[in-house]
Amino acid sequence: QKEVEQNSGPLSVPEGAIASLNCTYSDRGSQSFFWYRQYSGKSPELIMFIYSNGDKEDGRFTAQLNKASQYVSLLIRDSQPSDSATYLCAVSTLGRLYFGRGTQLTVWP
Amino acid sequence: DAGVIQSPRHEVTEMGQEVTLRCKPISGHDYLFWYRQTMMRGLELLIYFNNNVPIDDSGMPEDRFSAKMPNASFSTLKIQPSEPRDSAVYFCASSLGGVETQYFGPGTRLLVL
């Protein structure tokens, strides 16, 4: 069983702060890593992907990957109330995606 | 462009009834995925197709579940007979060229009484 672990939260941060979301995975052979955002009652939406060790930045979002530690993170800078959602980490292994249970983020004004 | 289309959006049925969920992938996408999401188990892959051929159905819970993809623009997920524990949100997703960048439909909320 390929496992993707996330803290379920809830993670609560004030508006303007940095939100840090973490994910670990069990299979060292995993190649690609994804972050999906899911608003309450809506479907998952892809917001970031990362393939190589290091950081990848896209606007206020930064994905970080450390394959040696089997660790992926998502940083959200200048958090906004509209960022309040559940963030799902997904890992591509042997031809399929495995999803974590998600971390619920609340950004309060 | 239209995204992934699912129908119905909501379904309420009684235990023992047959339920059919439908999905139209994004035009041109060659992969189609069926997922189930519950609070207890999170998002689980049930089955996925590549070029209309089932590739991995290891997530299909039991023989009561079946999925078909008769052509590139249509897929169904059928539950017969349905049970209360099948109550969940069922998502269809599609992608182009691989399993990685998946686009999800709005989901079907199924309640089995």
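Scroll up for the structure.
These notes cover the structure that comes with them.

Criteria and cut-off values
- Residues numbered from 1 in each chain as written.
- Chains lettered and ligands numbered in written order.
- Predicted model: local features only at pLDDT ≥ 70, side-chain atom pairs only at ≥ 80, totals over all residues.
- Heavy atoms only, no water.
- Pairing = 2+ DSSP bridges.
- Helix = DSSP H or I, 4+ residues; strand = E, 2+ residues; numbered from the N terminus.
- Axes fitted to C-alpha atoms, helices over the stretch in contact; angles between N-to-C directions.
- Phe/Tyr/Trp six-rings, centres within 6.5 Å; stacked < 30°, edge-to-face > 60°.
- Buried < 20%, exposed > 50% of the residue type's maximum accessible area, 1.4 Å probe, protein only.
- Lys NZ or Arg CZ within 6 Å of the ring centre and 35° of its normal.
- Polar contact = N/O pair within 3.5 Å; in protein donor to acceptor, adjacent residues only side chain to side chain.
- Contact = heavy atoms within 4.5 Å.
- Salt bridge = Lys/Arg side-chain N within 4 Å of Asp/Glu carboxyl O.

### Points about the sheet that holds strand E7 (residues 65–71) of chain B
All names here are of chain B. The strand order E1-E3-E8-E7 describes an open sheet built from four strands, whose pairing is antiparallel. At either end of the open sheet lies a strand with only one pairing partner, and these are strand E1 (5–7) and E7. Direction aside, the axes of adjacent strands within the sheet are offset by 15° on average. Alignment of E7 against strand E8 (residues 74–79), held across five bridges, turns out to be antiparallel. Of the residues in E8, the one forming a bridge with Lys-68 is Thr-76.

### Digging into the packing of aromatic side chains
Counted by the stated rule, this structure contains 14 aromatic pairs over all chains. Seen in terms of ring centroids, Tyr-36 of chain A and Phe-104 of chain B are 5.6 Å apart; in terms of plane orientation they differ by 80°. Their pairing is edge-to-face. A residue pair is termed interchain when its members come from two chains, as with Tyr-36 of chain A in strand E4 (residues 32–38) and Phe-104 of chain B in strand E10 (residues 103–104). Judged by relative accessible area, which is 10%, Phe-104 of chain B ranks as buried. Taken together through their ring pairs, the aromatic side chains of Tyr-36 and Phe-99 of chain A together with Tyr-31, Phe-33, Tyr-35, Tyr-48, Phe-91 and Phe-104 of chain B make up a single cluster. A cation over an aromatic ring shows up here: Lys-56 of chain A above the ring of Phe-49 of chain A, its NZ or CZ 3.5 Å from the ring centre. Cation over ring: Arg-96 of chain A sits above Tyr-98 of chain A, and NZ or CZ is 4.2 Å from the ring centre.

### Quick look at the side chain of Asp-56 of chain B
Along the polypeptide, Asp-56 of chain B turns up in strand E6 (residues 53–56). At 2.6 Å, the side chain of Asp-56 of chain B forms a polar contact with the side chain of Ser-58 of chain B. In this view, Asp-56 of chain B contacts Arg-96 of chain A together with Leu-46, Ile-47 and Tyr-48 of chain B; residues no more than four positions away in its chain are not counted.

### Comments concerning the pattern of salt bridges
Under the counting rule described, the total for this entry stands at twelve salt bridges over all chains. Here Glu-57 of chain A ties to Arg-77 of chain A by a salt bridge, and the two come within 3.4 Å at their closest N and O atoms. One end of the pair, Glu-57 of chain A, is in strand E6 (residues 54–58); the other, Arg-77 of chain A, is in the loop between strand E8 (71–76) and strand E9 (85–93), and 20 residues separate them in sequence. The class for Glu-57 of chain A is exposed, based on a relative accessible area of 60%. Taken together, the salt bridges that share partners define one network made up of Glu-62, Arg-64, Glu-83, Arg-85 and Asp-86 of chain B.

Just distances and angles here, no functional claims.
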